[in-house]
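# Structure assessment
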Amino acid sequence: MKHFFLACILLALFPVLTRAQVNDYKYVVVPKKFDGFKKENQYQTSTLVKYLFTEEGFETAYADDLPLELSANRCKALFVKLLDNSNMFTTKTSLVLEDCQGREVFMTQEGKSKEKEYKESFGEAIREAFVSVKGLNYKYSGKELNSDPVTVSYRNDVKNVEEKSKPKNLNPMVEQKATMEEQSYKDRTPKPSTLKKINQAVVDQSATQSVQSYESKTPKTTDVKSEVSSVAEPISGILYAQKLENGYQLVDSTPKIRMKIFETSMPNYYLADANGQSGVVFEKDGNWFFEYQKEGKTVTQELEIKF
């Protein structure tokens, strides 16, 4: 009886613990080609999964186009895998979220579909599986995750877990540089010795490296800001639709590609990507509209498309 009650308590706490764990991650990374598929975005699986996670408030990115913050620390993200357990008559899929070390953090329920067309069946199965993600009510906690690796050591047959990372001052080179900088600050009078010249060169070289590292980060930050501003730029004028394998690319009169739209199971309803801004393009009352999320609000913009 005691074990039964303990099991009930653990089952009740599991969704709460899982939700709190998922909330610690800021990004979700989606591959452009899931394992087991032959082509990128086959059956529009990648664009659909990215769109669904974006709708739930996650910051999403494709695996080959990571933002600067995520490139510097991949452990801020969860990585999506699609499990395909389909048979001849039924499409069955589940979504798995793993951390940067490949450990499973969350798995959805299995979505099923008996649609005959692959695109429609995978779309229906993925949406059914994604109901589990909606139930998490995701909201980023802002918690900084520790990405330091953990090693396991055995002493007298007892398993002890120790953090592998060490304080910076245990590095002899860092200690030496720090010691010389402190001495130089306290006593600025040069000492005419060979040892002093060598150590001074080390200090100068360290300063030069930190300056170069600071300068190299500046243009990258500027590029990100310019990219965000271009995404928020309104799309005006006539857009001409050029056929792609699974949708269209919309170009202006320059010609410049302003947006790519991808087919869905619904007529005249497309998943859209406008220079990194995800959304949907749809027809209503003979007019076309682009709808997306900006600063927590839904923005709808009318488009003039020539197919």
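Keep in mind that this is a model prediction, so the values were computed, not measured. (Residues numbered from 1 in each chain as written. Predicted model: local features only at pLDDT ≥ 70, side-chain atom pairs only at ≥ 80, totals over all residues. Heavy atoms only, no water.)

### Regarding the state of the cysteines
- Across all of its chains, the model carries one disulfide by this definition.
- Linked covalently through their sulfurs, Cys75 and Cys100 form a disulfide whose S-S length is 2.0 Å. Sign of the S-S torsion, about 80° for the bond between Cys75 and Cys100, identifies this disulfide as right-handed. Within this pair, whereas Cys75 is found in the loop between helix 3 (68-72) and strand 3 (77-84), its partner Cys100 is found in the loop between strand 4 (91-98) and strand 5 (104-107), the two being separated by 25 residues in sequence. (Disulfide = S-S within 2.5 Å. Helix = DSSP H or I, 4+ residues; strand = E, 2+ residues; numbered from the N terminus.)

### A short note on the sheet that holds strand 13 (residues 277-284)
- On the basis of which strands lie adjacent, the closed barrel formed by seven strands has the order 9-10-11-12-13-14-15 and mixed pairing. Between one strand and the next, the sheet's axes are offset by a mean angle of 35°, whatever the strand orientation.
- As judged from the six bridges shared by strand 13 and strand 14 (residues 287-294), these two strands associate in the antiparallel manner. The residue of strand 14 that forms the bridge with Gly279 is Tyr292. (Pairing = 2+ DSSP bridges. Axes fitted to C-alpha atoms, helices over the stretch in contact; angles between N-to-C directions.)

### With respect to a negative patch on the surface
- Taken together, Glu115, Glu117, Glu124 and Glu128 make up a surface patch of like negative charges.
- Mapped onto the fold, Glu128 is located in helix 4 (residues 118-129).
- Glu128 sits in the partly exposed class, given a relative accessible area of 33%. (Patch = residues over 30% accessible without salt bridge, like charges linked within 9 Å, V, L, I, M, F, W, Y side chains within 5 Å. Areas by Shrake-Rupley, 256 points an atom, 1.4 Å probe, with all protein chains shown as cover. Salt bridge = Lys/Arg side-chain N within 4 Å of Asp/Glu carboxyl O. Lys, Arg positive; Asp, Glu negative; His and termini not counted. Charge placed at Lys NZ, Arg CZ, Asp CG, Glu CD. Buried < 20%, exposed > 50% of the residue type's maximum accessible area, 1.4 Å probe, protein only.)

So far we have only geometry, and geometry alone does not tell us how the molecule works.
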